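Close look at the chain arrangement
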Amino acid sequence: MEGIVFDIKRFAVHDGPGIRTTIFLKGCPLNCSWCHNPESKDCRITEVSKHYKVGDVETIKSVRIGIKYQVKKLIDEITKDIMLMEESGGGLTFSGGEPLMQFDFLKEILMQMKETGIHTAVDTSGYVSENRINEIIPYTDLFLYDLKHYDNDKHIENTGVPLLPILKNLDIILKMNKHVWIRIPVIPGINDSDEDISGFLKILEKLSEKPEQINLLPYHNIAENKFKRLKINNKMKNIPGTDKKNLIPFKTKLEQSGFKVKIGG
Amino acid sequence: MNNRINKLRKESLNAVNRISSERALLVTEFYKSNKFRQLSVPMQRARAFEHILKHKYICINEGELIVGERGPTPKATPTYPEINIHSLKDLEILNSRKKVSFKVDDKTFKDFEDVIIPFWKGKSNREKVMSNMSEDWANAYNAGVFTEFQEQRAPGHTVAGNKIYKKGMLDFIKEINENINNLDFINDKQAFDKREQLSAMKVSAQALIMWAERHADKLDNLAKEENDKLRKSEIENLAKICRKIPAYAPETFHEALQHYWFIHLGVVTELNPWDSFNPGRLDQHLYPFYKTETENGSLTKEAAVELLQSFWIKFNNHPAPPKVGVTALESNTYTDFSLINVGGVKEDGSDASNEMTYVILDVIEEMRLLQPSSMVQLSKKNPNRLIDRAVKIVKTGYGQPSIFNTDAIIQEMLFQGKDIIDARNGGASGCIETGAFGKEAYFLTGYFNFSKILELTLNNGFDHRTNKQVGLKTGDVNKFNSYDEILAAYKKQIGYFVDIKIKGNNIIERIFSNNLPVPFLSLIIDDCITKGKDYNSGGAKYNTSYIQGVGTGTVTDGLSAIKYHVFEENNFSMKELLNALSNDFKGYDDIHFKLIYESPKYGNDDDRADAVLNDIFQVFYNAVNGKPNTRGGVHRINFLPTTSHIYFGMVCGALPDGKKAGKPVSEGISPVQGADKNGPSAVIRSASKIDHLRTGGTLLNQKFTPDFFDDDESIKKVSSLVRTYFRADGHHIQFNVVSADTLRKAKKNPEQYRDLIVRVAGYSDYFNDLSEELQDEIIGRTEQFK
C-alpha cells in the first residue's frame, strides 16, 4: 500500500507533546482562505517551479510536490527518531492536507505504530465520515482537532464546508474519552472579534466532554510567496500576522470558563 | 554580583591586553649568567623557573580575594623565547592590528630589540623543531596538509586531578626525597637522570613556596598601610593563606582556590603549555571544603560565590600568549582553553552532581566571561535538573557551557586501556579532548586537513597552490571507474601524510624531552614523581598523542557527490567535474547546482552520505590509531578544528561538495555549513554514525534561533535532544543561540554589539574579535528552527 506524502518534518515541536515527526499527507477537502499549505490541497503529485541560488546565480527548477511512500518505507522514516521521541515524550503526528483523505494508508500506519509503542496524533479538520473517525480512534492517542469557526454559514463561507459534521465527529471522539486538543486558528477579521470569542465559547461549552486543551494559533502571513509560486489568488494578501500577545484576552476568556488554553501549537 | 566583584569584573574586561617583557628578560638574564652551564637540563629549567619567581613583580589588585598574576598586571602577557621569538615585526603587528591586539610599549620594543632577540636568535625551540623536519614534512606543512602545535607552544593539554587538594608542595618534596634516597645507582641505568629530574622537581616546588611567601610579604606591607578595617583583615587573612599554601595542603574553600591558582600560575610561567592549565572537575574538588565549612558555619553560600567569582576573574585576566609569525589579518583569540568541568560521575560510578555543581553554574551564568570556558558533564546517572540548568544558561546565548557525554568519555578511555577509576575521574579539556585528569599527558600535535588531501587525491598528488608534487602519485582519477578506486587512492594519501606527521611528532617529542623538560608541571601530574621522569618524557601514567581531523563534513559530501553523480547516476564525468573545480565553477553552474542541491549530504540522516562518512572515519582511524609515540604511548584521533577550518579552506581550491576556492571547510564533525536541511534530529543521527568511542573526542556545533526558546518546554526539548545524542554515544554538543540576522547586524555595526559572544568551535569568543572569514562561516551555519 502506498500514500502520497507532501512533507516530512522531523523535530516538530508544535504538533503535540514532546518532539515529533510530522507527516503531511496530500489532499484536503477544505478551502480555507488562510491556508499555509495551499500546495497540499490537491491529492495528486503536482509540480511547481522553485528558485534556487548558488552564489549569485539563480536557477529555476521544476519541483514535484508529493512523494509516493510505501507503508514500510514511511515507517522506517518515522522510527529513525524513536529514541528522541522516547526521551522527549514525543511521537508521530499526521497532518496535511487532511490526513483522513488517504484513509487506508493512514490507518495502516497508525495500526503498525501502535505495536512500536510510539505515541500517535492526528491533526484533522474533522470533515470526514463518522466511520472513518470511528475506525482510527483505537489507534490514535491524541487528536489535534481544528475548529475554524463557530457559525455554520461563516464556516461554509471561509472553508467551503459546513461545520455541523465536524462538531458531530468531535463529540464522537470526546465521548470515547480520547485526548483532544482543539486548535483554533485565529484569523484577523474572520474569527477574532469579541463576538467571535463568545461564539466559540458557546459551542465549546456545549461539547459532551471538556477537551484536554485548546490551542489558539496566531495567524502567520508566511504563505504569500507560496501563493505567488502556485499562482493561486491569495485572499489574505496584505493582512499582517497576529502577535501572540493579542490573543491573551481570548485565552483569558476561555480560561475563565474552565478550559486549559495555550497560545501557539 | 556584589560591588567588589562588579568592580573587579569591569577592570578585567577593560584591562588592555599587552605584551610584557618581564619574563623574557628574566629568563634571558638567567641563561646569560654562566651559572646554568654546570647544571643538567632539568635543573637548568628548574633554576630558570626559580629565577623568574624570585624576581618577578608581585601584583596584588585592589579589593581582590584571590591573588597572583602571570604578568606584572592583569592581561600583561609574557613571551617564552625558549619556545619561540617574537620579532619586532610580530610585535608591530600585534600592537597595531584591529582584532585581538596586544599593545607593546616603547620600553618593551627596546627590550626585545636590545636584549631578547639578540640573545635567543638561533636558540629557540621552534628553530630546532623546524630545522629537524624533513623536506616531505615541510612540503606538506607549506601546502596546508597539517599544522604543527608544538612550534609555538609547549605540549601541555593537561588538567589537574585531585591530589593537589590533599597534598602541599612539602608533601611532594618529601616524596621526592624518599625517591632520590631509594635510587639504585648499581642496577638502574637511569638513576642519574632520575635524580636530576627529581631534584629539578624539588627546586620547582620550593620556588612556588618562595613565590607565595613573597605574596605574603607584600600583603603584610599592604595590611599595614590599609585604613579600611574590613579590607585590612581580608589582606591579613590572605597573607596567612599564602604562608600556608601551597607549602601545605589546603583546608578551607578559600585556601583550596588560592592553592590551585598558585599552581596554575606555576604551570603557565614555567612554559606556555597548550590550553594553559585547568582545575578540571572543580565541583568535585571543592565540594568537600564547601560542605564542611557551610555545615560548621565558617562559610556562607554568598561568601563561596564571591570567592568563585574572584577566581573566575583571575582566568579572564590571562589571555592566551600570542603567536609569532602572525599576520595582520589573522585574528586568533584571547581564549586560552581552560575548561572547567562540572557534573559527571564519582569514582565509584554514581551521580557526582552536588550543591557545588549548581553554585558553579550560577557563577558561570552571572559572570558571562570568555574565560574560563565551562562545560557540563552529563551522564545517564545525572538528574534532568543538571541538563535543564545547563540549557537554561545556553539559552542566554553566549555559547557556554558546552555539554559532554560522561558515559562516552569513560568508554573512550576504557577502550584506550585506562583504569576505570581514572576514567571516571577524567573529563574533557581544551575544546573537547578526552583525558584522565591528573594522570595523562595527551598532546595534540596538529590539525589534519582532510579536504586538502581529497584535493591532492583528485590531482594525482600535485598541489597547484605551491606548485609541487606534495602527495603520492596515486593515479589519474579520470581513469578510475568506481568510487572504491577513489577511496583507495584517498586512503593511500592519508596514510602517506599521517606517517609524515607521526615521524615529525616523534622527533619533536624528543626535542622537547631533551631540551625543555617541565619539572614544575611534573609535580602535579602522576606518575612523574614515582617514575622520576618528566612530563614531556613519558613521566605521566598515560601518554597519548593526538592528530585532529578537520573537514569531515566537506570530504564526506565531496566523495558522496562523486560517488552519486559520476559513478552512479552518470550526471557528469570526472573530467567535467575536475574542469568545474579548476574553474571555481565559473561556466559550470549546472554542475555547481547539482553538487549543492542534488547530492546526498552528511547531516541529513541520509545513509548514502553517512556511509561515506564511515569510510573516511575508518581510513583516518586505521592510519593513526595505535602508532607509537616516543613516550610509551600511542597516537590516536580526535575531531576538532578550533579555527583551522578557515585556514584549511583557504589553502584549498573548489571542492566537489560545492565549496568555492578559499572558502572555509566544515568544522568539527558538524555538517557543511547550510547542508543539513532535515533539522537537528537528523544531524545528531548522522553524527552518531561516527564511532565516537574509538576517538579522543568529537565536536558538534548546532545553531538555534532564539525564537525556539520562547517557552519553558523548549528547554526540556533541547535537553532531550542532548540525551538522545548521548544515548547514541555522541561525545559533545554545543549550541549557538543567536540568529543569523543578529550576526549580520553585528558584523555591520560592531560598535553596537561589543558584548556579543558566540560559540566558535570548542570555545566562545567575542564576535567582534573574529576574523571576517570566521564571522561569515558562523553566519552560514544552518539555523535550526528558522
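Residues numbered from 1 in each chain as written. Chains lettered and ligands numbered in written order. Predicted model: local features only at pLDDT ≥ 70, side-chain atom pairs only at ≥ 80, totals over all residues. Heavy atoms only, no water.

The secondary structure content of chain B amounts to 30 helices and 17 strands. The C-alpha radius of gyration of chain B comes to 26 Å, within 12% of the 28 Å expected for a compact globule of 786 residues. With the C-alpha coordinates aligned to their principal axes, the bounding extent of chain B is approximately 85 × 60 × 55 Å. Considering only residue pairs separated by 6 or more positions, chain B has 77% of its internal contacts joining residues 24 or more positions apart. As presented, chain B carries roughly 27100 Å² of accessible surface, and 48% of it is formed by carbon and sulfur atoms. (Helix = DSSP H or I, 4+ residues; strand = E, 2+ residues; numbered from the N terminus. Rg over C-alpha atoms; globule rule 2.2 N^0.38 Å. Contact = heavy atoms within 4.5 Å. Areas by Shrake-Rupley, 256 points an atom, 1.4 Å probe, with all protein chains shown as cover.)

On to the sheet that holds strand β12 (residues 634–638) of chain B, then. Residues and elements named next belong to chain B. The three strands are arranged β8-β11-β12 in an open sheet whose pairing can be described as parallel. Strands with a single pairing partner mark the edges of an open sheet, and in this sheet they are β8 (440–449) and β12. Across the sheet, the mean angle separating the axes of adjacent strands is 30° when strand polarity is ignored. Bridge analysis of strand β11 (residues 542–550) against β12 gives five bridges, and the strand direction is parallel. Residue Tyr546 lies in a different strand from β12, and its bridge partner there is Arg636. The sheet contacts of helix α18 (residues 450–458) involve β8 and β11, and relative to β8 the element is tilted by about 40°. (Pairing = 2+ DSSP bridges. Axes fitted to C-alpha atoms, helices over the stretch in contact; angles between N-to-C directions.)

Another aspect to go through is the packing of aromatic side chains. Here the structure, examined in full by the defined rule, presents 45 aromatic pairs over all chains. With 5.3 Å between their ring centres and 70° between their planes, A:Tyr150 and A:Phe200 make a pair best called edge-to-face. In this pair, A:Tyr150 is assigned in the loop between β8 (142–146) and α5 (152–159) and A:Phe200 in helix α7 (residues 194–206), connecting sequence segments 50 residues apart. Within the aromatic cluster, the residues linked to one another by ring pairs are B:Tyr260, B:Trp261, B:Phe277, B:Phe311, B:Trp312 and B:Phe315. For the cation-ring pair, B:Lys123 lies above B:Phe119, with the distance from its terminal atom to the ring centre recorded as 4.1 Å. Across the ring face of B:Tyr542, the terminal group of B:Lys418 is positioned such that the distance to the ring centre comes to 5.5 Å. (Phe/Tyr/Trp six-rings, centres within 6.5 Å; stacked < 30°, edge-to-face > 60°. Lys NZ or Arg CZ within 6 Å of the ring centre and 35° of its normal.)

What follows is about helix α28 (residues 713–727) of chain B. Each α-helix winds once per 3.6 residues, and so residues spaced three or four apart point in a common direction. Residue and element names in this part refer to chain B. The end-to-end C-alpha distance of α28 is 21 Å, a good match for the 21 Å that 15 residues give at a rise of 1.5 Å each. The element α28 is extensively covered by neighbouring structure, given that 12 of its 15 residues are classed as buried. Taken together, the buried positions of α28 are occupied by Ser714, Ile715, Lys717, Val718, Ser719, Ser720, Leu721, Val722, Arg723, Thr724, Tyr725 and Phe726. Asp729 sits one or two residues past α28 and shows a positive phi near 75°. (Expected span 1.5 Å × (residues − 1). Buried < 20%, exposed > 50% of the residue type's maximum accessible area, 1.4 Å probe, protein only.)

Our next topic: the nonpolar core. Ranked by internal contacts, the top residues of the largest apolar core, which has 180 residues, are B:Phe253, B:Leu308 and B:Trp312. At 13 residues, helix α19 (residues 483–515) of chain B tops the list of elements feeding residues into this core. Not counting chain neighbours up to four residues away, the residues in contact with B:Leu308 comprise B:Phe253, B:Leu257, B:Leu282, B:Leu286, B:Met356, B:Val359, B:Ile360 and B:Val363. By size, the runner-up hydrophobic cluster in this structure holds 62 residues, among which are A:Val71, A:Phe94, A:Ile187 and A:Ile190. (Core = buried A, V, L, I, M, F, W, Y, C linked by side-chain atoms within 4.5 Å.)

Let us look at the pattern of salt bridges. Residue and element names in this part refer to chain B. Following the criterion strictly, the structure yields 64 salt bridges over all chains and no others. Ionic pairing is found between Lys501 and Glu148, a salt bridge with its closest N-O pair at 2.7 Å. In this pair, Lys501 is assigned in helix α19 and Glu148 in the loop between α7 (135–143) and α8 (169–181), connecting sequence segments 353 residues apart. The burial state of Lys501 is the same as that of Glu148; both residues are buried. The salt bridge partner of Glu713 is Lys717, with a shortest N-O separation of 3.6 Å. Here Lys717 and Glu713 lie together in helix α28, a separation of four residues that amounts to about one turn. (Salt bridge = Lys/Arg side-chain N within 4 Å of Asp/Glu carboxyl O.)

What follows concerns the sheet that holds strand β17 (residues 783–784) of chain B. Residue and element names in this part refer to chain B. Taken in spatial order, the six strands of this open sheet run β3-β4-β5-β14-β13-β17, and their pairing is mixed. The open sheet has two edge strands, β3 (339–343) and β17, and neither has a second partner. Pairing of strand β13 (residues 701–704) with strand β14 (residues 732–737), which is carried by four bridges, proceeds in the parallel orientation. Bridging across to β14, Gln702 finds its partner in Phe735.

Bringing helix α25 (residues 607–624) of chain B into the picture now. Residue and element names in this part refer to chain B. The terminal C-alpha atoms of α25 lie 25 Å apart, and with 18 residues this matches the ideal 26 Å at 1.5 Å per residue to within 8%. When we look at burial in α25, the residues that qualify are Ala609, Asp610, Val612, Leu613, Ile616, Phe617, Val619, Phe620, Tyr621, Ala623 and Val624. Once α25 ends, the next one or two residues include Gly626, with phi positive near 95°.

Our focus in this paragraph is the interface of chain B and chain A. Facing 27 residues of chain B, the contacting portion of chain A comprises 21 residues. Counting the surface lost from both chain B and chain A, the interface buries some 2100 Å², and carbon and sulfur atoms represent 61% of this. Applying the counting criterion to the chain B and chain A interface returns four salt bridges. Between A:Lys61 and B:Asp590 there is a salt bridge, with its nearest N and O atoms 3.8 Å apart. Here chain B is connected to chain A by eight residue pairs in polar contact (both at pLDDT 80 or more). Elements with a minimum of two residues in the side of chain B that touches chain A: α24 (589–597), α27 (680–687) and α28 of chain B. Of the residues forming the side of chain B that touches chain A, the biggest block, seven residues, is contributed by α28(B). Across the side of chain B that touches chain A, the residue classes break down as 10 nonpolar, six polar and 11 charged. (Buried area = accessible area lost by both parts, 1.4 Å probe. Polar contact = N/O pair within 3.5 Å; in protein donor to acceptor, adjacent residues only side chain to side chain. Nonpolar A, V, L, I, M, F, W, Y, C, P; charged D, E, K, R; others polar.)

Okay, the pairing of β8(A) next. Residue and element names in this part refer to chain A. Of all the five residues making up β8, five are buried; the element is thus mostly covered by neighbouring parts of the structure. Burial along β8 is two-sided: the face carrying Leu142, Leu144 and Asp146 and the face carrying Phe143 and Tyr145 are both buried. As defined by bridge partners, strand β7 (residues 119–124) adjoins β8 across four bridges and the pair is classed as parallel. Within the sheet, the bridge partner assigned to Ala121 lies in β8 and is Leu142. Each parallel crossover has a hand, and the one from β7 via helix α4 (residues 130–136) to β8 is right-handed. In this sheet, strand β9 (residues 179–186) lies alongside β8 in parallel orientation, the contact comprising five bridges. For Tyr145, the partnering residue across the bridge sits in β9 and is Ile182. (Right-handed = clockwise from strand over helix to strand, strands pointing away.)

Now for unusual backbone geometry. What you tend to see is this: most non-glycine residues have negative phi, and most peptide bonds are trans. All names here are of chain B. A cis amide bond links Gln371 with the next residue in sequence, Pro372, at an omega value of -5°. Within the secondary structure, Pro372 sits in the loop between α14 (355–367) and β4 (373–378). Residue Pro401 follows Gln400 across a cis peptide bond; omega there is -15°. Inspection of the secondary structure assignment puts Pro401 in the loop between α15 (384–395) and β5 (402–405).

For the rest of this paragraph, the subject is the side chain of A:Asn169. Residues and elements named next belong to chain A. One can find Asn169 in helix α6 (residues 164–175). Given a relative accessible area of 1%, Asn169 falls into the buried group. Not counting residues within four places of it along the chain, the set of residues in contact with Asn169 comprises Gly126, Val128, Ser129, Glu130, Ile133 and Tyr145.

Moving on: a nonpolar patch on the surface. All names here are of chain B. A grouping of Leu414, Ile420 and Ile421 is seen on the molecular surface, where their side chains present a nonpolar patch of about 200 Å² in accessible area. Looking at where Ile421 falls in the secondary structure, it is placed in helix α17 (residues 420–424). A relative accessible area of 32% places Ile421 in the partly exposed class. (Patch = residues over 30% accessible without salt bridge, like charges linked within 9 Å, V, L, I, M, F, W, Y side chains within 5 Å.)

Residues and elements named next belong to chain B. Helix α9 (residues 191–225) packs onto helix α3 (residues 41–55) with a crossing angle of 5° between their chain directions and a minimal axis gap of 8 Å. With respect to each other, α3 and α9 are oriented roughly parallel. Facing Pro42, Met43, Ala46, Arg47, Phe49, Glu50, Leu53, Lys54 and His55 of α3, the residues of α9 in contact are Glu196, Gln197, Ser199, Ala200, Val203, Ser204, Ala207, Leu208, Met210, Trp211 and Arg214. Here the contact of α3 with α9 is composed, by residue class, of 11 nonpolar, four polar and five charged. (Parallel < 35°, antiparallel > 145°, perpendicular 65-115°, else oblique.)

Residues and elements named next belong to chain A. Here Lys41 shows up in the loop between β2 (20–25) and β3 (46–54). Its relative accessible area of 35% is what places Lys41 among the partly exposed residues. Along the backbone, Lys41 and Leu25 are 16 residues apart, and their C-alpha atoms lie at a distance of 9.6 Å. Those residues in contact with Lys41 that lie beyond four places of it in its chain are Gly27, Cys28, Pro29, Leu30 and Asn31.

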